[in-house]
Amino acid sequence: MDKAQILVASNRGPVSFSIGDDGSVNSRRGGGGLVSGLSSVTAETDTLWVCAALSDADREAASAAPEGRLDKAGHDLGGALVRMLDIPAGTFANAYNSVANSTLWFVHHMLYDTPNKPAFDAGFHAEWEDYRAYNSAFAEALLTGSAEGAKVAVQDYHLALVPRMLRGRRPDLRIAHFSHTPWAPPEYFRMLPGRVGRELLEGMLGADHVGFLSTRWADAFLRCCETFLRAEVNWENRTVDYGGRVIQVGVHGLGADADGLRERASAEDVAQRRAALRELVGDRRLVLRVDRTELSKNIARGMAAFGELLRDRPEWRGRVTHLAFAYPSRGDVAEYRAYTESVRAAAEAVNAEFGTPDWTPVVLEVNDDYPRSLASYQIADVLLVNPIRDGMNLVAKEGPVLSENGVALVLSTEAGAADDLGSDALLVNPYDVSETAAALHEALAMDGDERRKRNDRLVEAAVALPPQRWFLDQLRALG
Ligand code: G6P
């Protein structure tokens, strides 16, 4: 392949590899908006996706590929080739687990338990060096792989320093950075060491275009630029004047990939899961949630709200099941392991209080079963999406798309998705357990016609911004 004209960089790539029992290397296409979005780029354009090797199998597949570039291993990723970077294990752990997931993720989702954490000590500063090294490994791969004047779309908080690293060496490149998370307000962002905060902001401002999923996150970023860099912000045009350049800040909402979802949901494995779920739930009503085992998803407060519903409204006892599907996530981070245990405890507490020999109020499954999630979207009566903060949250959009009979959506005001779905969802303050319990009652009691009408409007809003368009918008913003 010649040097690429379009490049994407993200920590997690569009394919992952595993080694089968017989020693064979198998590949799996990843999910998410970016993978669907890339399919909109034509096969004629040379496209390169740079990501990190995340497992031994990834490393094996990457080292076997000529010039370190994998073909798409049989998966439809538009015209993209994939390059997986084999980053030294210690550098990767410090950059990904410690800086990206235990620090930046916590800041942007406002998750710190501040009496004890964070504490930016010598250990953190060493980890920060590795975050720089990890960013620089990505920058090198992008520099090597890009044609003159190429467009580079850098994704997320893992890679905040890359745009500036590229700009310094290749002013011909057109660079975008896109955040899939919220952005912290200055009052929270300021807890980062000053030098680190400035380096992150300046790193991103190396781009021509800095994108967010919601105006709320874009405005918080602009406020941070004003506060910590004394940069000049034009609020009307959402531009930042900094270092002699004008950087555009854009809002690109992301919707559900309706066609892709419907096609996947029509497969036999989904039908099998659907039948099994029907049997499990019987003729009870179904309150569903689907998340990663992620602190920001607020799973335990959701369960507490379900408990409060059963306590206050005895009429629902025995008549409703709360299914919680939680995908294991970031198990190398201690806080995530502890959180998963607290979610299990929250489920057990409700079951101990209200369970009977023939009714388990909360069924919590901590494992990875995508077809089962799709099947559960089809039959749920109520979908609970109550994150503390969330860049967008696609579960809130995908659930209504696959719903067969209309689902009532209980949605946190703090999810980016509330911007698009707010008028037909039942909005809740994610910290307010009693309000969430009341919304669950309202959702369960909602008349079927009303639910279907709302669902139709939710679907309309959910599919208005297909991933293909979202991705092309990022590229178009680069001119
Ligand atoms: C969020 C982030 C993504 C990340 C995903 C899964 O959506 O914005 O960048 O890939 O979570 O997290 P993981 O750490 O497993 O990649």
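If you're wondering where the values come from, they're calculated on a predicted model, not measured in any experiment. (Residues numbered from 1 in each chain as written. Predicted model: local features only at pLDDT ≥ 70, side-chain atom pairs only at ≥ 80, totals over all residues.)

J.: How should I be thinking about the overall build of the protein in this particular structure?
T.: Scanning the protein from N- to C-terminus turns up 18 helices and 18 strands. Radius of gyration (C-alpha) of the protein: 23 Å, near the 23 Å computed for a compact globule of 479 residues. Taken along its principal axes, the extent of the C-alpha atoms in the protein is 65 × 50 × 40 Å. Counting all 479 residues of the protein, 50% fall into the buried class. Expressed as a percentage of contacts within the protein between residues at least 6 apart in sequence, the contacts between residues at least 24 apart total 77%. (Helix = DSSP H or I, 4+ residues; strand = E, 2+ residues; numbered from the N terminus. Rg over C-alpha atoms; globule rule 2.2 N^0.38 Å. Buried ≥ 20, exposed ≤ 12 C-beta atoms within 10 Å, placed from the backbone. Contact = placed C-beta atoms within 7 Å.)

J.: Before we go on, may I ask you to explain the packing of helix α7 (residues 194-204) against helix α8 (residues 215-229) in this structure?
T.: To characterise two packed helices, one gives the angle between the axes of the helices and the distance between these axes. Across the interface, α7 lies against α8 with an axial gap of 10 Å and an inter-helix angle of 125°. When the axes of α7 and α8 are compared, the pair comes out oblique. Regarding α7 and α8, the two cross each other, and that crossing is left-handed. For the pair α7 and α8, contact is made by G197, R198, L201 and E202 and by C224, C225, F228 and L229, respectively. Classifying every residue of the contact of α7 with α8 gives five nonpolar, one polar and two charged. (Axes fitted to C-alpha atoms, helices over the stretch in contact; angles between N-to-C directions. Parallel < 35°, antiparallel > 145°, perpendicular 65-115°, else oblique. Left-handed = near helix turned anticlockwise from the far one by under 90°. Nonpolar A, V, L, I, M, F, W, Y, C, P; charged D, E, K, R; others polar.)

J.: Can you help me understand the site of the ligand in this one?
T.: Around the ligand sit R12, D156, H180, T181, S329 and R330, and that is every residue in its neighbourhood. Its residues assigned to classes, the shell around the ligand shows no nonpolar, three polar and three charged. (Near = placed C-beta within 6 Å.)

J.: So what exactly am I meant to see when it comes to α7 here?
T.: An α-helix turns once per 3.6 residues; consequently, residues spaced three or four apart project the same way. Residues of α7 that are buried: G197, L200, L201, G203 and M204. Burial along α7 is one-sided: seen end-on, the buried residues are contained in an arc of 160°. Opposite the buried face of α7, at more than 90 degrees from it, the exposed residues are G194 and R195. Contacts made by the buried residues of α7 are with α5 (162-169), β8 (174-178), α6 (186-189), β9 (209-212) and α8. (Arc of directions from axis to C-beta.)

J.: Looking at this structure, I do not really get the pairing of strand β7 (residues 146-155). What am I missing?
T.: Two faces, one strand: in a regular strand the side chains alternate between the faces of the sheet. In terms of burial, β7 is largely enclosed, as seven of its 10 residues are buried. When β7 meets β8, the two strands line up parallel, connected through five bridges. From the neighbouring strand, K151 faces β8, where its bridge partner is R174. (Pairing = 2+ DSSP bridges.)

J.: Please clarify how the domain arrangement of the protein should be interpreted in this entry.
T.: How big an interface is tends to be stated in terms of the accessible area lost upon association of its parts. Its domain assignment divides the protein into domain 1 (4-254 + 468-477) and domain 2 (258-462). For domain 1 versus domain 2, the separation of C-alpha centres amounts to 30 Å. Across the contact, 17 residues belong to domain 1 and 16 residues belong to domain 2. Of all the elements in the fold, those that place two or more residues in the side of domain 1 that touches domain 2 are α1 (33-38) and α3 (89-108). (Domains from an automatic or database assignment.)

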